[in-house]
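# What the coordinates show
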Amino acid sequence: MEKNLQEEFTPIVKFEPPLYKQRYQFVKDLVEKYKPKKVADLGCADCSLLWMLKFCSCIEVLAGLDICANVMREKMHTLSPLPVDYLQPSERSLTVTLHHGSVAHKDPCMLGFDLVTCIELIEHLEESELEKFPEVVFGFMAPSIVVISTPNSEFNSLLPRVMLYRHPDHKFEWSQAQFQSWALETARCYDYSVEFTGVGHPPTGMEKVGFCTQIGVFFRKHPQTGESVQSEKPMEAVYKTVFKAVYPSLKDEKYLQNAVINEVLFTAQIIKHRLMSKREEYSDDPETKSKFQSSMDCFSDYLGKLVVEKNMEPFVSGNEVYIPLTTIFSFPKVNRLCGTFEKLCKLIAGKVTLSSDGSAVMFNIEHENEEN
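The shown structure was predicted, so the numbers you read here are calculated from the model rather than taken from an experiment. (Residues numbered from 1 in each chain as written. Predicted model: local features only at pLDDT ≥ 70, side-chain atom pairs only at ≥ 80, totals over all residues. Heavy atoms only, no water.)

## Focus: the side chain of Arg23
Our working rule: Helix and strand assignments come from DSSP, with helices taken as H or I runs of at least 4 residues and strands as E runs of at least 2, each series counted from the N terminus. Counted as a polar contact is a pair of N or O atoms within 3.5 Å, where, for protein atoms, one must be capable of donating a hydrogen and the other of accepting one, and residues adjacent in sequence contribute only when both atoms are in side chains.
One can find Arg23 in helix H2 (residues 19-34). Looking at Arg23, its side chain comes within polar contact range of the side chain of Thr213, at 2.9 Å.

## Regarding the side chain of Asp107
Looking at where Asp107 falls in the secondary structure, it is placed in the loop between strand S3 (95-100) and strand S4 (115-119). A distance of 2.9 Å separates the side chain of Asp107 from the backbone nitrogen of Cys109, its partner in a polar contact. A distance of 2.7 Å separates a polar atom in the side chain of Asp107 from the backbone nitrogen of Tyr239.

## Thoughts on the sheet that holds S4
The test is simple: By this definition, two strands are paired if DSSP reports at least two bridges between them. Here an axis means a line fitted to C-alpha atoms, over the contact stretch when the element is a helix, while the angle between two N-to-C directions is reported on a 0 to 180 degree scale.
The strand order across the open sheet built from eight strands is S6-S7-S5-S4-S1-S2-S3-S8, with neighbouring strands paired in mixed fashion. The sheet terminates laterally at strand S6 (192-199) and strand S8 (240-246), the two strands that pair on one side only. Ignoring which end each strand starts from, the neighbouring axes of this sheet average 15° apart. For S3 and S8, the ladder comprises six bridges, and the chain directions are antiparallel.

## Description of the state of the cysteines
Short version of the rule: The rule for a disulfide is simple: a pair of cysteine sulfur atoms within 2.5 Å.
Applying the stated rule across the entire model yields zero disulfides. In this structure Cys56 is not part of a disulfide, and its nearest cysteine sulfur, from Cys58, lies 5.8 Å away.

## Brief notes about the environment of Asn335
Topologically, Asn335 is positioned in helix H12 (residues 332-338). Expressed as a C-alpha distance, the spacing of Asn335 and Val260, which sit 75 residues apart in the sequence, is 9.6 Å.

## Side note on the packing of aromatic side chains
Rules: Aromatic rings from Phe, Tyr and Trp, taking only the six-membered ring of Trp, are treated as a pair when their centres fall within 6.5 Å; an angle between ring planes under 30 degrees marks them as stacked, one over 60 as edge-to-face, and anything in between as tilted. When a residue's accessible area, from a 1.4 Å probe over protein chains only, is under 20% of the maximum for its type it is buried; when over 50% it is exposed; and in between it is partly exposed. Placement of a positive charge over a ring is assigned whenever Lys NZ or Arg CZ falls within 6 Å of the ring centre and within 35 degrees of the normal to the ring plane.
Counted by the stated rule, this structure contains 16 aromatic pairs. Measuring from ring centre to ring centre gives 5.7 Å for Tyr20 and Tyr24, while their planes differ by 75°; the resulting arrangement is edge-to-face. Taken together, the residues span about one helical turn, with Tyr20 and Tyr24 both in helix H2 at a distance of four residues. For the pair Tyr20 and Tyr24, a shared accessibility class is recorded, and that class is buried. Above the plane of the ring of Phe113 lies Lys38, whose end atom (NZ or CZ) is 5.1 Å from the centre.

## Notes on H2
In plain terms, the rule: Take the number of residues in a helix, subtract one, and multiply by 1.5 Å to get its expected span.
The terminal C-alpha atoms of H2 lie 23 Å apart, and with 16 residues this matches the ideal 22 Å at 1.5 Å per residue to within 8%. All of the buried residues in H2 are Leu19, Tyr20, Gln22, Arg23, Tyr24, Phe26, Val27, Leu30 and Val31. Of the residues trailing H2, Lys35 is marked for its positive phi of about 55°.

## Considering the confidence of the model for the protein
Convention followed: You can read pLDDT as the predictor saying how much it trusts each residue, on a scale of 0 to 100. By definition in these notes, contact holds between two residues if any of their heavy atoms fall within 4.5 Å.
Residues with a pLDDT of 70 or more make up 82% of the protein, whose mean pLDDT is 86. Per-residue pLDDT stays below 50 along residues 5-11; that stretch engages in 24 contacts with residues further than four places along the chain or on separate chains. Taken as a whole, residues 295-311 scores under 50 in pLDDT and shows 17 contacts with residues more than four places along the chain or in a different chain.

## Looking at the environment of Gly139
Locating Gly139 in the fold gives a position in helix H6 (residues 127-141). A C-alpha to C-alpha distance of 9.9 Å links Gly139 and Thr186, two positions 47 residues apart in sequence.

## Some points on the pairing of strand S2 (residues 61-66)
Rules: Here the term right-handed applies to a crossover when the path leading from its first strand over the helix to its second strand runs clockwise, the strands being oriented away from the viewer.
Of all six residues in S2, five are buried, a share of seventy percent or more. Pairing geometry for strand S1 (residues 38-42) and S2, over five bridges, is parallel. Bridge pairing in S2 places Val39 opposite Leu62. Since S1 and S2 lie parallel, the crossover through helix H3 (residues 48-53) that links them has a hand, and here it is right-handed. Sheet analysis places S2 next to S3, joined by six bridges and oriented parallel. Bridging across to S3, Leu62 finds its partner in Val96.

## Points about a nonpolar patch on the surface
Our working definition: A residue counts toward a patch only above 30% relative accessible area and without a salt bridge, and it is joined to like-charged neighbours within 9 Å or, for Val, Leu, Ile, Met, Phe, Trp and Tyr, to nonpolar neighbours within 5 Å. What sets the accessible areas is the Shrake-Rupley method with a 1.4 Å probe; for residues, cover comes only from the shown protein chains. A pairing counts as a salt bridge when a side-chain nitrogen of Lys or Arg comes within 4 Å of a carboxyl oxygen of Asp or Glu.
Where nonpolar side chains cluster on the molecular surface, the patch consists of Met163, Leu164 and Tyr165 and spans about 380 Å² of accessible area. Inspection of the secondary structure puts Leu164 in the loop between strand S5 (145-151) and helix H7 (176-189).

## Here's the deal with the pattern of salt bridges
Throughout the structure, instances matching the rule amount to eight salt bridges. Here Arg336 and Glu91 are joined by a salt bridge, their closest N and O atoms 3.2 Å apart. Taken together, the positions of Arg336 in helix H12 and Glu91 in the loop between helix H5 (83-87) and S3 put the pair 245 residues apart, joining distant regions of the chain.

## A few points about the sheet that holds strand S9 (residues 315-317)
Pairing is antiparallel in the open sheet, where three strands are placed in the order S9-S10-S11. Looking at strand neighbours, the two that pair on one side only are S9 and strand S11 (360-364), the edges of this open sheet. Taken pair by pair, the neighbouring strands of this sheet meet at an average axis angle of 25°, ignoring direction. Bridge count between strand S10 (residues 320-324) and S11: five bridges; the pairing is antiparallel. Looking across to S11, one finds that Tyr322 is bridged to Met362.

## Here's the deal with the environment of Leu65
Examined against the element boundaries, Leu65 turns out to sit in strand S2. The exposure class of Leu65 is buried, given its relative accessible area of 1%. C-alpha of Leu65 to C-alpha of Ser102: the two residues are 37 residues apart in sequence and 7.6 Å apart in space. Residue contacts for Leu65: discarding those within four places in its chain leaves Asp41, Leu42, Gly43, Cys44, His99, His100, Gly101, Ser102, Val103, Met110 and Tyr239.

Okay, here's the thing in structure tokens:
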């Protein structure tokens, strides 16, 4: 998936944005349209496309494969979680894995993907590898969608610095007719349909030349059965895993519990602050203060046997402030994180100071005043 300088800077044609970015954007748009959960990029090179795709909220599994491990290692650190990912875990799970190996070989780790991308890959394959490529991708992996991009040789006449091929490692470059012939035959053999498009428009008046990068989008016609997958599944892995990152997720009970506890305490502190501010307003008026204190004293008589009702307001008793869990649960973010009131109680049990009956978050304002 190289970024060819010949494609980007020529006296005749200059692409804006650069052609490689247009290819990445094409894939991203496809992901946003079809919402695949598992995506594999074959020939991932420096992982630039994978880095872009990790921000797509629908994707839960990302995998990259390349024949050159050193190229992947140069930027694979960009696929690691950042500190903010731990501070604010996502609601989705995300695992990113990089494999070292050839697209001419089958490995069970590449089964079960919804979308497979092959961006500027096939032109780098030797003839023997290209012969095996369709069986590996369409026969064995058999994803729902396959995206293949490759240079359009008919556009090369508009790229003056191109002598034979656009990159010294290219083994071939196809015309539109050659690519479409190969793609249609591959689709027919493996029960796919294919749509042709591309990126990098030709100059006005030269539309017949076609896109600079031609693209085939393959759609599997029928779901693959479990039996057919199992029958072809190799017994041993042939790829070497060079990188794996598992992002923190609220689907993990540990991260969910931390998020809920933090949100409960944050919400309770806000409610407590509002309550205490209101109490201070009352304290400015001696008559109102007396009435307020009298109402607070009523709660003290029943403190030991108190059961906080669903809509009961937060209250102060002596040096303690009580925030009903039902009130906290009514806040949208707490509600969304927990789903049920029972789940809220389970997640904060033993982690947050509660009233004796466990129905309210409790703060001791005397201790807070001493610390202040």
